[in-house]
Each structure stands twice: as C-alpha cells, then as structure tokens.
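The lines below spell out each chain.
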Amino acid sequence: MGEMDTLKKEADGLKTQIEAARKAVNDTTMAAVASGVAAAPRVQLKNRKTLKGHLAKIYGLHWSADNRHMVSASQDGKLLIWDTYTGNKVYAVPLKSSWVMSCSMAPSGNLVASGGLDNMCTIVNIKAASPKTLRELDAHEGYLSHSRFLSDTEILTASGDTTCCLWDLETGKQKVIYKSHVGDCMCLAVSPDQNSFISGACDSSAKLWDVRDGGCKQTFIGHTSDINAIAFFPSGTAVITGSDDCTLKMYDLRADQEVNGYQDAALNAGVTSVSLSSSGRLIFAGYDNFNCNIWDSLKAEKVGVLSGHDNRVSCIGVPDDGLGICTGSWDSFLKIWN
Amino acid sequence: MLVVGIRLEACQPDSLGQVFPQDSIRLDFKSLTSGVEAKMSSKMPSSNNIAQARRTVQQLRIEASIERIKVSKASADLMHYCGEHAKYDPLLMGIPASENPFKDKKPCTIL
C-alpha cells in the first residue's frame, strides 16, 4: 500500500512540474504572432473527379508516392488501386475480412496493407502477376486502426489493443512495440525524417515515439475525447490532431504544448480525418457532418468548405506534390478536388 | 484474456440499402479497453498495478526532463515555414488549367 501511495504522489508531482514548465514558455499565442500575416486567400476548390467503384462505406485512402495512384479500402471487402489522372481502377484486391478500417501503400508502390476488426495487418504485393498476399501480421490483440509503411521491409501499425507496433516484413515478426497509451490507438503519422512517429488514441492524448528504441518521448493532452486523426506539419516540428470533441489542435513539438486550436461553436460534429497542404498553411479536416472544412493553420480561421458527399467523410489525403486533395466517404465515393 | 462478445445493435439499412453493424462493433471495441482500465484501478493494489504505476512514473520522469522552447519562437518558426513554402503550394496558389492533372481534358473540335 505504501509504495502505491509514494508512486501516486511522485506521478502527481511530475505532472504538476510538466504543467509548470509548459506554462513557463507559454509567452504568447500563435493568434497574436500570426496577426500580422496576410490572411490566406478564400479557398474555392472544385471537385475535379469522382471515383466510383466501391459498393459500401469507404474507411481509408492513401496516396502513392508517385502522386498519381491511390489505394482505397471499403467494407465491401475490397481494396481498389486507382489511377487518379484517368479515374480508372488499376487493381482490385479482394480481402479475406471485409471489416477493414484502414489501408496504406508503400513508398515504392509495390505493396499495400490493410486491416481492421480481424486484428491483422495483411500485406499484398500488387506488382506480382496477380495481387498476392505477402504476409499476415498477426499479433495485435485488438483491431487494426491504422498502418503506414516505412519501406518495403518495415511497417508501423496502430491498434485497438492500445499499442502501436513496428513489424519486420521479411520475417513477419514484431520488431518494436510501443506501449504507453491507455485507450485504443486510432491513428498514426510518420515524421518527415522517419525517425519518429505520432499516435492518437481514445485516451484523448497524442504521443510522440522514437521509431527505433520504442520510447515515448512526449505526450500531448488537451482534447476531451478520442483523437481520430493525426498529421505532421510538413516541417516535422508540429502535429495536428482531430478529435470526437469536434476540434482540431496544433501541438508544437519543441514547445511541448498546444499552440493553436481550430473550433467553431456551430460545429458539433466529430473530426474523422485530417491532412495538410504542402506548405502547411491549409488544414483539411473531414467531419461526421458530411463536410470537409478548410482551416488557416496560422490564424485558426475557416477559409473554405468541400461539400459534395452524402455521408460522413471518413478519410482524406493530399499527395506529396500537393496538387490536389482526395476525400473518401461512407457514401462509397472518393472525390478529388483542387 | 478477455473474450469479447460482439453485440449487434438493431441495424437500420443505410442510404445504400445495406445493413452494416460494424459501427456498433467499433464502438464496443473502442470502449472495451477504457472500461477494463477503470475496473483495474478500483481493485486493491496488486503487483500488476504497482508495475503499471512504476512505468507511469518512469514515463513522466522522461517527459518532465525535456528542453522546451518559447511558444513565441515556435510560432514564429511555423509562420516562417508557411511563408517560405506558400508560393510552391498549389492548393493555396491555384493551379493553371494546363498544369492540372485532375482536370478533365475536353476534346477539341476543329471547325
């Protein structure tokens, strides 16, 4: 009993210390600093393409590093790989389990990954003569909510079992397990230099991890509900989170705290997905209310809306060249805008 | 090892005329773990809880020891990054029709 009390006292003391240290460097707000910056232009993006082919709710999408191809996952039990310039489907990968929650494509374009309520991450080689399952990564004790390849030999996964994991695709085994969250992990994003990644979870916190040693370096709090979406600011020094509490937040890694918040009293829909334009100035956020709002990341003002979907926007993504944005929805369509 | 019973709520067909119970399944999985944690912490301290508490303290020690920069500097740096890269940001600057790979190219008819 004694040790528990001592530990609790020390934990509380450390939390107070961290809060005080954050306050000590909180010498201004980004709103104040950005007041002198010219407003972002009113952003009016047009729906250039609608990709039709899925027969049920779309749960995930991911652009290829070639800026042209994209993989999408739907609970119709398929992954579709699209040529977004023509709108054609290039490959269809049938899934063993249709309860898919996410998909991703390797930077090489050779491999795609998917997973969901089957608790597994299935890796498929789409460049083989016909799409061929390469690995079934089976060790998570909860659903697979998100995955991102580091290369053709390594992939990061986030799971409802509250852990994230780095897998070796040559052996199919776990290399590193990232344990610290106390709620289901819902999303992850890799830093531009690939040395760290961030995860968002149902414990309302986001955590920054060292890819190689598995250590949690920083924890970001402030949200009051599940964090469903997370992205790095392109400089790699800040992260944006989207939550069921209807807000987005920007946390600066070096100041170790929230530096901006994106909310609107009129908005009472949870954020499902988030992506940034290539300069980081624009934040695209998909919401449960079928829309995607566009925010000025510096001034925290809404500067546009993408409306056109007939159901929740579940996933969103901007290709590396920044030439467009794709939204995926429970209405079974993907829309490309620019 | 917990065995999860999947609870299928009354399923209404959605706009596509299809019935998908996975929303309620996802909610069950989402709330499961937090429910378990709450249950564990209300029990008498076991060796499990002490180990968990030690890990928490260890983690907090790491997080308390990092160097932090001022919010003014952090904000200025982020603003500077946006400023430097704005002119190369197609979604901010707009894309001329001739360079837009997603724009449908209409066939030209020569009269």
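Residues numbered from 1 in each chain as written. Chains lettered and ligands numbered in written order. Predicted model: local features only at pLDDT ≥ 70, side-chain atom pairs only at ≥ 80, totals over all residues. Heavy atoms only, no water.

Colleague: I tried to follow the sheet that holds strand β8 (residues 121-125) of chain A on my own but got confused; where do I start?
Modeller: Each strand in a sheet pairs with another by means of backbone hydrogen bonds, the pair being arranged parallel or else antiparallel. Residue and element names in this part refer to chain A. The four strands lie next to each other as β6-β7-β8-β9, forming an open sheet whose pairing is antiparallel. Looking at strand neighbours, the two that pair on one side only are β6 (100-105) and β9 (132-137), the edges of this open sheet. Each adjacent strand pair in this sheet contributes to an overall mean axis angle of 20°, direction not counted. When β8 meets β9, the two strands line up antiparallel, connected through five bridges. Within β9, the residue paired with Ile123 across the bridge is Arg135. (Pairing = 2+ DSSP bridges. Helix = DSSP H or I, 4+ residues; strand = E, 2+ residues; numbered from the N terminus. Axes fitted to C-alpha atoms, helices over the stretch in contact; angles between N-to-C directions.)

Colleague: Would you take a moment to explain the pattern of salt bridges for this structure?
Modeller: Any two side chains of opposite charge can pair, on the condition that their charged atoms come close. All names here are of chain A. Enumeration over the complete set of coordinates arrives at 14 salt bridges over all chains. Glu136 is the partner of Lys96 in a salt bridge, and the nearest nitrogen-oxygen pair spans 2.7 Å. Remark: Glu136 occurs in strand β9 and Lys96 occurs in the loop between β5 (88-94) and β6; sequence separation between them is 40 residues. A residue is classified by how much of its surface remains accessible, and Glu136, at 34% relative accessible area, is partly exposed. (Salt bridge = Lys/Arg side-chain N within 4 Å of Asp/Glu carboxyl O. Buried < 20%, exposed > 50% of the residue type's maximum accessible area, 1.4 Å probe, protein only.)

Colleague: Would you mind showing me how to read the interface of chain B and chain A here?
Modeller: Interfaces are often sized by the accessible area lost when the parts come together. Each side of the interface is counted separately: chain B has 54 residues, and chain A has 88 residues. Buried area between chain B and chain A, both sides added, is near 6000 Å², and the carbon and sulfur share of it is 66%. Summed over the shared surface of chain B and chain A, the number is four salt bridges. Across the salt bridge formed by Arg54 of chain B and Glu3 of chain A, the nearest N and O atoms sit 2.9 Å from each other. Taken together, chain B and chain A are joined by 14 residue pairs in polar contact (both at pLDDT 80 or more). Going through the elements one at a time, α1 (22-41), α2 (47-64), α3 (71-85) and α4 (90-93) of chain B are the ones with two or more residues in the side of chain B that touches chain A. Grouping the constituent residues of the side of chain B that touches chain A by class yields 29 nonpolar, 10 polar and 15 charged. (Contact = heavy atoms within 4.5 Å. Buried area = accessible area lost by both parts, 1.4 Å probe. Polar contact = N/O pair within 3.5 Å; in protein donor to acceptor, adjacent residues only side chain to side chain. Nonpolar A, V, L, I, M, F, W, Y, C, P; charged D, E, K, R; others polar.)

Colleague: Whenever I open this one, the packing of aromatic side chains confuses me. Can you help?
Modeller: We describe a pair of aromatic rings using the distance from one ring centre to the other and the angle between the two ring planes. Residue and element names in this part refer to chain A. According to the stated counting rule, one finds nine aromatic pairs over all chains in the structure shown. When the centroid spacing of 6.2 Å and the interplanar angle of 15° are considered together, the rings of Phe197 and Trp209 count as stacked. Residue Phe197 is located in strand β15 (residues 196-201), and its partner Trp209 is located in strand β16 (residues 206-210); the two are separated by 12 residues in the primary sequence. Judged by relative accessible area, which is 0%, Phe197 ranks as buried. (Phe/Tyr/Trp six-rings, centres within 6.5 Å; stacked < 30°, edge-to-face > 60°.)

Colleague: Hey, could you run me through α2 of chain B in this one?
Modeller: Residues separated by three or four positions in an α-helix point in the same direction, a consequence of the helix having 3.6 residues per turn. With 18 residues, α2 of chain B extends 26 Å between its outermost C-alpha atoms, agreeing within 8% with the 26 Å of an ideal straight helix rising 1.5 Å per residue. Listed in full, the buried residues belonging to α2 of chain B are Asn49, Ile50, Ala53, Val57, Gln59, Leu60, Glu63 and Ala64 of chain B. (Expected span 1.5 Å × (residues − 1).)

Colleague: Can you walk me through the nonpolar core in this structure?
Modeller: Side chains that are nonpolar tend, in soluble globular proteins, to be buried together. Phe233, Leu248, Met250 and Tyr287 of chain A are the most contacted members of the largest nonpolar core, which totals 28 residues. Counting residues per element, the ones that place at least two in this core are β18 (227-232), β19 (238-243), β20 (248-252), β21 (257-262), β22 (271-276) and β23 (282-287) of chain A together with α3 of chain B. Counting residues per element, this core draws most heavily on α3 of chain B, which supplies six residues. For Met250 of chain A, the contacting residues outside a window of four places in its chain are Met30, Phe233, Ala238, Val239, Ile240, Gln257, Glu258, Val259, Asn260, Tyr262 and Ser297 of chain A together with Leu78 of chain B. Core analysis: the next-biggest nonpolar cluster, separate from the first, contains 17 residues, Met101, Ile198, Ile230 and Phe232 of chain A among them. (Core = buried A, V, L, I, M, F, W, Y, C linked by side-chain atoms within 4.5 Å.)

Colleague: Could you clarify how one ought to interpret the side chain of Glu63 of chain B in this entry?
Modeller: In this fold, Glu63 of chain B is placed in helix α2. For Glu63 of chain B, which is buried and forms no salt bridge, the nearest opposite charge comes from Lys207 of chain A, at a distance of 4.3 Å. What Glu63 of chain B contacts, discounting residues up to four positions off in sequence, is Ile18, Lys207, Cys216, Lys217, Gln218 and Thr219 of chain A together with Arg68 of chain B. (Lys, Arg positive; Asp, Glu negative; His and termini not counted.)

Colleague: Explain the environment of Ile336 of chain A here, please?
Modeller: Within the secondary structure, Ile336 of chain A is located in strand β28 (residues 334-337). Spatially, the C-alpha atom of Ile336 of chain A lies 9.9 Å from that of Gly87 of chain A, the residues being 249 residues apart in sequence. Sequence-distant contacts of Ile336 of chain A, defined by excluding residues within four places in its chain, comprise Lys46, Asn47, Arg48, Lys49, Leu51, Trp63, Thr84, Ile325 and Cys326 of chain A together with Phe102 of chain B.

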